[in-house]
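# Architecture at a glance
If you want the building blocks of each chain, they are given just below.
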Amino acid sequence: MDDHTQRNDQNFPTSQLEAADGPGRNPTHNLTMGEIISARFSRRGLLKGALAVSAISTTVGPMALIAADTARAATAASAFAFPEVDAGVDADHHVAQGYDADILLRWGDPIFADAPEFDPVNQTADTQRRQFGYNSDYVGYVPMPGAEDPSSHGLLVVNHEYTNEHLMFPGIVKIVDGKPEVAAADQARVDIEMAAHGGSIVEIRKAEGKWQVVKDSPHNRRITADTEMAISGPAAGHDRMKTGEDPAGRKVLGTLNNCAGGVTPWGTYIMAEENFHGYFVGELPADHAEAANYDRLGVPDATYAWGKYYSRFDVSKEPNEPNRFGWIVEVDPFDANSTPKKRTALGRFKHEGAESIVAPGGQVVFYLGDDERFDYVYKFVTTGRFNPDDRAANMDLLDDGTLYVARFDTDGGMEWLPLTHGAGPLTQENGFNSQADVVIETRRAADLLGATKMDRPEDVQPNPKNGHVYVMLTNNTKREADQVDAANPRAKNAFGHIIEIIEDGGDFAATKGRWEVLLQCGDPSVAEVGATFSTATTANGWFGMPDNCAIDAAGRLWVSTDGNNPKATGRTDGLWAVDTEGEARATSKLFYRVPVGGELCGPVFTPNDETLFLAVQHPGDGGDDWEGFGRASYYEDPSTRWPDFKDDMPMRPSVVVITRQGGGKIGV
């Protein structure tokens with residue numbers, strides 16, 4: 001997710017940018033992760049691993065660690081072998097020497113045989129529905145059943161998170177008194193935006209060493225903000241889900257602001273609805289039954305003008321419509337006529353993603369982050385068991401299970417607290433009359449259980465090789481010194497950190513476990529930052545603002561970032577390879593970097609680790625932040641025209657495919 005609070009410096013209205021992650025809307029006195037880490041630091045007898053390094057660094061500083069650890073660093077054996085990319089800023093992308101980074105799909109590319117070619121000055125909603133969408137975030141790869149080589153033929157499933165109007169549409173930006181202003185959106189522009197949201201399912205095949213789109217595939221599909229979807233699980237049919245257009249409360253038009261996601265063990269595509277609050281306008285009376293619920297989520301935020309033309313996005317006209325967003329959506333990518341389902345059992349909040357793994361007992365476990373400052377980490381454990389021999393038997397597993405929220409303790413232990421109606425405070429006395437109320441107001445339920453307030457939880461990725469779980473915490477500059485805790489150790493945390501969870505007994509369905517801080521991010525040469533990269537990490541290798549991540553087939557961790565401001569850090573976002581085992585633990589290397597203004601999303605590997613897919617969002621944004629450009633960036637005057645570099649083409653968010661020259665596995 002793009003933290004627009006770092007990018008909204010060009011006087012563009014926030015409607016041109018992604019909806020904010022917010023200042024932190026958690027009103028509770030629950031312990032923050034910083035308070036927990038701070039308390040754990042004081043328990044010296046319990047410090048170990050990366051946490052011990054974190055504690056020491058807060059006392060003696062990174063430079064002292066460098067002096068003390070030189071010999072160990074020199075002999076540490078990294079799991080990664082590639083020539084590191086130089087960190088920096090320019091108009092193009094860069095990948096490690098010996099690799100090719102090819103553009104596979106760009107915004108506007110036709111994904112059907114009869115779809116029109118992209119014409120940026122004559123965009124329409126109808127053409128956009130037949131073309132690849134905007135700002136790709138999550139990228140998943142699903143091998144084609146029966147493929148001779150599962151790593152050379154499959155379906156690419158891609159989320160289109162949001163739109164940047166000032167980069168997307170010609171003729172809407174004017175410079176007034178040296179500052180850019182964006183014209184108000186008309187309905188035609190809104191309709192194009194709605195068609196550019198959602199997701200794409202595209203069949204791809206590798207031929208003669210290069211990946212190609214299969215445009216005549218029966219599986220190709222665009223999902224948009226108007227696609228009809230079913231509502232399933234505990235909230236389906238509940239009064240709080242009913243609207244004038246859907247008096248039964250069982251279907252909804254569209255999905256939006258889909259950030260990260262996942263692919264299930266049975267090959268369905270998971271879309272995670274994140275910052276849905278920005279799409280709603282209007283006002284509810286202070287005493288309205290949903291007022292407190294919406295306030296906890298920042299609804300309405302009026303980032304987009306959709307409510308001006310479509311009453312369902314105006315809470316004063318359809319007060320229940322926001323309850324129909326903020327869910328996990330499941331799509332069968334092999335049936336282009338299937339109805340996507342919003343799986344309400346997994347809770348409603350600002351979902352970053354939903355990565356899954358099969359537990360030893362056969363339950364399927366989904367890990368979920370709520371991407372806002374001071375919000376929580378969740379997981380969902382299905383009641384039913386995964387059947388690898390019967391795909392149909394798995395298709396409704398997500399409608400029945402237990403949703404948990406994480407509490408991280410100062411002694412390094414943790415507990416998953418069940419969000420179950422009737423358990424603890426989740427009763428009628430507190431306004432929870434059924435499990436439907438619990439999942440509709442997941443945040444408030446988690447508040448009452450005493451969950452740990454985190455620094456923007458984004459991707460949460462289980463590792464099937466070592467049994468650990470990695471939590472990306474992007475940043476939290478709103479955390480004050482008296483709010484630090486064991487799992488969020490830094491006040492004014494501008495660079496974020498990564499938590500490592502070890503579930504009891506190696507069972508992902510366990511309700512208890514332990515945790516460590518794998519990394520505190522940022523520039524380790526600046527002592528006050530408190531970064532804890534290993535001393536083998538070079539000046540190019542450190543990163544900040546971890547966002548998405550991937551585990552390759554070898555069990556190695558790859559981390560993409562969101563928020564590296566060129567003016568502040570001298571680098572763009574990119575993809576870093578991070579060692580998690582042995583003496584090289586916490587060593588990081590830069591593998592790929594995006595063009596100026598871009599954010600890197602969606603790292604995913606083919607099963608054989610020989611292809612890596614990445615998504616580059618909003619290249620060309622934030623021109624003021626790069627001294628090589630030094631002014632506001634918009635359609636007619638962008639800081640880069642990546643990836644086409646043609647005068648008649650705007651910048652285009654794209655999916656990049658990386659392969660090794662001559663073939664072979666990535667990063668070895």
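Residues numbered from 1 in each chain as written. Predicted model: local features only at pLDDT ≥ 70, side-chain atom pairs only at ≥ 80, totals over all residues. Heavy atoms only, no water.

This part takes up the pairing of strand 28 (residues 557-561). The buried fraction of strand 28 is high, at 5 of 5 residues. With 4 bridges joining them, strand 27 (residues 546-551) and strand 28 adopt antiparallel strand pairing. Within strand 28, the position partnered with C549 by the bridge is V559. (Buried < 20%, exposed > 50% of the residue type's maximum accessible area, 1.4 Å probe, protein only. Helix = DSSP H or I, 4+ residues; strand = E, 2+ residues; numbered from the N terminus. Pairing = 2+ DSSP bridges.)

Any empty space left between the atoms is revealed when a probe the size of a water molecule rolls over them. One number sums up the size of the largest pocket: a volume of about 820 Å³. Lining the largest pocket we find 35 residues, and of these V263, E355, I551, V604 and F605 sit closest to its centre. Mapped onto the lining of the largest pocket, the elements with two or more residues apiece are strand 3 (136-143), strand 12 (258-263), strand 16 (355-358), strand 23 (457-462), strand 27 and strand 31 (599-605). At 7 residues, strand 3 tops the list of elements feeding residues into the lining of the largest pocket. Within the lining of the largest pocket, the residues separate by chemical class into 20 nonpolar, 9 polar and 6 charged. There is about 300 Å³ of room inside the second largest pocket. The set of elements that each furnish at least two residues to the lining of the second largest pocket consists of strand 2 (99-106), strand 8 (210-213) and strand 33 (654-660). Ranked by residue count, the leading element in the lining of the second largest pocket is strand 2, at 5 residues. In terms of residue class, the lining of the second largest pocket is built from 9 nonpolar, 3 polar and 9 charged. (1 Å grid on protein atoms, 1.4 Å probe; cavity = no way out; pocket = protein on both sides within 12 Å on 5 of 7 lines; lining within 4 Å. Points joined across faces, edges and corners; volume = space filled by probe spheres on them. Nonpolar A, V, L, I, M, F, W, Y, C, P; charged D, E, K, R; others polar.)

Here we come to the sheet that holds strand 33. The 4 strands are arranged 2-33-32-31 in an open sheet whose pairing can be described as antiparallel. With partners counted over all chains shown, the strands left at the sheet margins are strand 2 and strand 31, one partner each. Geometrically, the sheet is characterised by an average inter-axis angle of 25° between neighbouring strands, direction not taken into account. With 7 bridges joining them, strand 2 and strand 33 adopt antiparallel strand pairing. In the strand pairing of strand 33, I103 is matched with V656. (Axes fitted to C-alpha atoms, helices over the stretch in contact; angles between N-to-C directions.)

Residue pairs spaced three or four apart in an α-helix point in one direction, given the helix's 3.6 residues per turn. Burial of helix 6 (residues 187-196) is extensive: 8 of the 10 residues sit out of reach of the surface. For helix 6, every residue scored as buried is listed here: R189, V190, D191, I192, E193, M194, A195 and A196. Backbone geometry just downstream of helix 6 places G198 in the positive-phi region, at approximately 100°.

On to the pattern of salt bridges. In this structure the tally under the stated criterion is 42 salt bridges. With a shortest N-O distance of 2.9 Å, R343 and D399 are connected by a salt bridge. You can see R343 sitting in strand 15 (residues 341-343) and its partner D399 sitting in the loop between strand 19 (377-385) and strand 20 (401-408), a full 56 residues away along the chain. Assessed through its relative accessible area of 2%, R343 is described here as buried. The class for D399 is partly exposed, based on a relative accessible area of 24%. Members of the salt-bridge network, linked through shared partners, are R25, R296, K350, D370, E372, D375, R443 and D447. (Salt bridge = Lys/Arg side-chain N within 4 Å of Asp/Glu carboxyl O.)

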